[in-house]
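Spelled out, the chains give:
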Amino acid sequence: MAIEAWYMDEDKAADQRLPHRQSPNVACGTAELQSLGVLHWELDADKHADDPALEKIRQDRGYSYQDIITVSPDKLANYEDKIKSFFEEHMHSDEEIRYILEGSGYFDVRAKDERWVRIKMSKGDMITLPAGIYHRFTLDDTNYIKAMRLFVGEPVWTPLNRPQDDHPVRKDYLANFATAAATTKA
Ligand SMILES: CSCCC(=O)/C(O)=C/O
Ligand SMILES: [Fe+2]
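These figures come from a predicted structure and were not determined experimentally.

Criteria and thresholds
Residues numbered from 1 in each chain as written. Chains lettered and ligands numbered in written order. Predicted model: local features only at pLDDT ≥ 70, side-chain atom pairs only at ≥ 80, totals over all residues. Near = placed C-beta within 6 Å. Helix = DSSP H or I, 4+ residues; strand = E, 2+ residues; numbered from the N terminus. Nonpolar A, V, L, I, M, F, W, Y, C, P; charged D, E, K, R; others polar. Pairing = 2+ DSSP bridges. Buried ≥ 20, exposed ≤ 12 C-beta atoms within 10 Å, placed from the backbone. Core = buried A, V, L, I, M, F, W, Y, C linked by C-beta atoms within 7 Å. Contact = placed C-beta atoms within 7 Å.

Can you explain the site of ligand 1? Please cite residues and give values.
If you check the shell around ligand 1, you find Ile 69, Val 71, Phe 86, Glu 96, Arg 98, Gly 105, Phe 137, Ile 145 and Ala 147 and nothing else. Of all the secondary structure elements, the ones that give two or more residues to the shell around ligand 1 are strand E3 (65-71), strand E5 (96-110) and strand E9 (145-151). The dominant element in the shell around ligand 1, judged by the number of residues it contributes, is E5, at 3 residues. In the shell around ligand 1, the residues fall into 6 nonpolar, 1 polar and 2 charged.

Listed below in structure tokens is the structure:
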């Protein structure tokens, strides 16, 4: 099944964990996500410990590191701070790769015209966000997600909060994906 994504509404007052769909819904398809550099796979999460399909992705893309993070009020140290930091608009100097093993949540990415696209992530979804894309993450109203984090080489989790106009990785992202995404604006 294709991943589900949609353009968000503008209701900044409502709980970030709600879907924030527009009415009627404005979908964002796989091709559009790909044009932003966002890739998706659907895997069998119950087989994650020994899965040739996962192994092939790891080999093909050079994902040499992996660990597992659980985000929930009772499982994650400094939960409130972490949740806040995940939801700050940011980028990374490397790809962000997440494979959902249990639970669900949302990744939001900036589209070419600066609108937020919300990507629904559930068990079995694996996603890569390219280096330099502005994004954020929130739990949904179930307040629980368990995800595998993958990385090429030694992991660097540091979020680089917007604006990062002069960061070479941001410049590369804009060049590679020819986005009209504006600069500055925090
Ligand atoms: C689903 S893993 C938690 C979110 C996260 O690790 C991250 O870096 C968001 O940008
Ligand atoms: Fe991130």
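Don't stop here, the text continues.
So what's going on with the pairing of strand E6 (residues 116-122)? Which residues, and what values?
As paired elements, strand E1 (residues 5-7) and E6 share 3 bridges and run antiparallel to each other. Paired with Trp 6 across the strands is Arg 118, a residue of E6. Taken together, E5 and the strand that follows it, E6, pair antiparallel across an intervening segment of 5 residues, in which Glu 114 is found at a positive phi of about 80°.

Explain helix H2 (residues 52-61) to me, using residue names and the numbers behind them.
The buried count for H2 comes to 1 of 10 residues, which makes it a mostly uncovered element. Gly 62 sits one or two residues past H2 and shows a positive phi near 75°.

Please provide a residue-by-residue account of the nonpolar core, values included.
Counting 30 residues, the largest nonpolar core has Phe 107, Val 109, Ile 119, Ile 127 and Ile 133 as the members making the most contacts within it. In terms of residue count, the dominant contributor to this core is E5 (6 residues). Setting aside anything within four residues of it in sequence, one finds Ile 133 in contact with Leu 36, Gly 37, Met 91, Val 109, Arg 110 and Tyr 173.

Please provide a residue-by-residue account of unusual backbone geometry, values included.
The residue after Ser 23, namely Pro 24, is reached through a cis peptide bond having omega 0°. With respect to the helices, strands and loops of the structure, Pro 24 is situated in the loop between E1 and helix H1 (30-35). The peptide bond linking Arg 162 to Pro 163 adopts the cis configuration, its omega dihedral lying at 10°. Among the structural elements, Pro 163 can be located in the loop between strand E10 (160-161) and helix H4 (168-177). If you check the backbone angles, His 20 has positive phi at about 55° while not being a glycine. Tracing the backbone through its elements, the reader meets His 20 in the loop between E1 and H1. One non-glycine residue with positive phi stands out, namely Asn 78, at about 55°. Within the fold, Asn 78 resides in the loop between E3 and helix H3 (79-87).

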